[in-house]
Amino acid sequence: MELIQDYEQQYAVQTAEITAQIGRIAVASGAERNKLISDVDRQLEESQELLEQIGLEVRDIPQNSRAAYTSRLNCYQAEWKRLQQEFNNAKVARSKAGYDSSVDDFDEIGIQEDQKRRLLDNTERLERTSNYLNDAYRISVETEQIGTQVLADLSEQRETIQRSRGRLRETDADLSRSSRILNSMIMRAMREKFILVVVVVAIFLVLILSIYFSIS
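Given the structure is predicted, the values throughout are model-derived calculations rather than measurements.

A few words on the overall build of the protein chain. A tally of regular secondary structure across the protein chain gives 4 helices and 0 strands. Relative to its full complement of 216 residues, the protein chain shows a buried share of 22%. Contacts spanning at least 24 positions in sequence make up 80% of the contacts within the protein chain whose residues lie at least 6 apart. In the form shown here, the protein chain has an accessible surface area of approximately 15600 Å², with 57% of it arising from carbon and sulfur atoms.

In this section: the UniProt feature "transmembrane region" (unreviewed entry) in the protein chain. UniProt records the feature "transmembrane region" (unreviewed entry) at residues 194–215, using the numbering of this structure. Helix makes up 100% of residues 194–215 and strand 0%, whereas the separation of the span's terminal C-alpha atoms amounts to 32 Å.

We now examine the packing of aromatic side chains. One pass over the structure, following the stated rule, counts 1 aromatic pair. With a centroid separation of 5.3 Å and 50° between ring planes, the pair formed by Tyr11 and Tyr76 is classed as tilted. Placement of Tyr11 in helix α1 (residues 2–25) and of Tyr76 in helix α3 (residues 63–96) is noted, with a sequence separation of 65 residues between them. Exposure class is identical for Tyr11 and Tyr76. Each is buried.

With that out of the way, let us pick up the environment of Ile146. Counting through the fold element by element, Ile146 comes out in helix α4 (residues 108–215). Between the C-alpha atom of Ile146 and that of Ser65, which follows or precedes it by 81 residues, the distance is 9.6 Å.

Of all hydrophobic cores here, the largest spans 23 residues; its most connected members are Ile22, Ile25, Val40, Leu44, Leu51, Ile54 and Phe87. Elements with a minimum of two residues in this core: α1, α2 (30–59) and α3. Broken down by element, this core gets its largest block of residues, 8 residues, from α2. Discounting residues that sit within four places of it in the chain, Leu51 has contacts with Tyr11, Leu73, Tyr76, Gln77 and Trp80.

Right, let's get into the pattern of salt bridges. Oppositely charged side chains are able to pair whenever their charged atoms sit close together. Going through the model one piece at a time under the given rule, you end up with 8 salt bridges. Ionic pairing is found between Asp39 and Lys35, a salt bridge with its closest N-O pair at 3.0 Å. Taken as a pair, Asp39 and Lys35 lie in helix α2 at a separation of 4 residues, close to a single helical turn. By relative accessible area, which is 14% here, Asp39 ends up buried. Residue Lys35 is classed as exposed on the basis of its relative accessible area, which comes to 54%. Between Arg177 and Asp174 there is a salt bridge, with its nearest N and O atoms 2.0 Å apart.

So, how was this worked out
- For every chain, the first residue of the written sequence is number 1, and numbering continues from 1 onward in sequence order.
- Residue-level local features of this predicted model are given only where pLDDT is at least 70; pairs of side-chain atoms are given and counted only at 80 or more, and the full residue set underlies all totals for whole chains, interfaces and linings.
- Note that water and hydrogens are dropped before the side-chain values are worked out from all heavy atoms of the structure.
- Segments assigned H or I by DSSP are reported as helices when at least four residues long, segments assigned E as strands when at least two residues long, and all are numbered from the N terminus.
- Accessibility here uses a 1.4 Å probe with only protein chains present; expressed as a share of the type maximum, an area under 20% marks a residue as buried, one over 50% as exposed, and anything in between as partly exposed.
- The criterion used for residue contact is that any of the two residues' heavy atoms lie within 4.5 Å.
- Computed with the Shrake-Rupley method and a 1.4 Å probe, the accessible areas treat only the protein chains shown as cover for residues.
- UniProt positions are given in the numbering used here, feature names are shortened, and annotations may be inferred rather than shown by experiment.
- Ring geometry is summarised as follows: Phe, Tyr and Trp rings, the Trp one being its six-membered ring, pair when their centres sit within 6.5 Å, and such pairs are stacked at plane angles under 30 degrees, edge-to-face over 60 and tilted between the two.
- Side-chain atoms within 4.5 Å link the members of a nonpolar core, which is a set of buried Ala, Val, Leu, Ile, Met, Phe, Trp, Tyr and Cys residues.
- Counted as salt bridges are all cases of a side-chain nitrogen of Lys or Arg within 4 Å of a carboxyl oxygen of Asp or Glu.

Shown next as structure tokens:
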């Protein structure tokens, strides 16, 4: 999970840079504009590779924690597609404008206002992205804490079950010993009862014989 968080941080930094550079493409020209387009192309490819790495890592996450990371990955992918679309729009819009580096159809004030508006838009977008990543990181930490607590509870319950099994084994052993002792006592009592009956019969016979011989 730590590796996923590293990938997420790298992705956040790259998307922030991509967003800023897309805003600059609309007001740049010539070699600077071409360089910005090349940089954004490269960064979009790198960010897409990061998303693929995150996807591979998510597959190895336990099932009970995978849903939260899958949802975050889907949001990242939707954000990446939005950036790709904005990049394409910025390139197309500049081409349709028929901009010629040798002829500037806008006065300085108009350029400054347009740059200011785009910078404000980019700032708001970066702030939303930052807030989203902070929320995603918070959810990740909370999910990890919940998972840790669940594992601790399961471990405690397993120990309780094992102790209960141990007590049951001890109780079963005590019952077995008690049963043997009880059976031994019953057998001893039966023997003593048999001996007592024999003694009583013998005494009775002796009395009868004594009375018989005295009469005779």
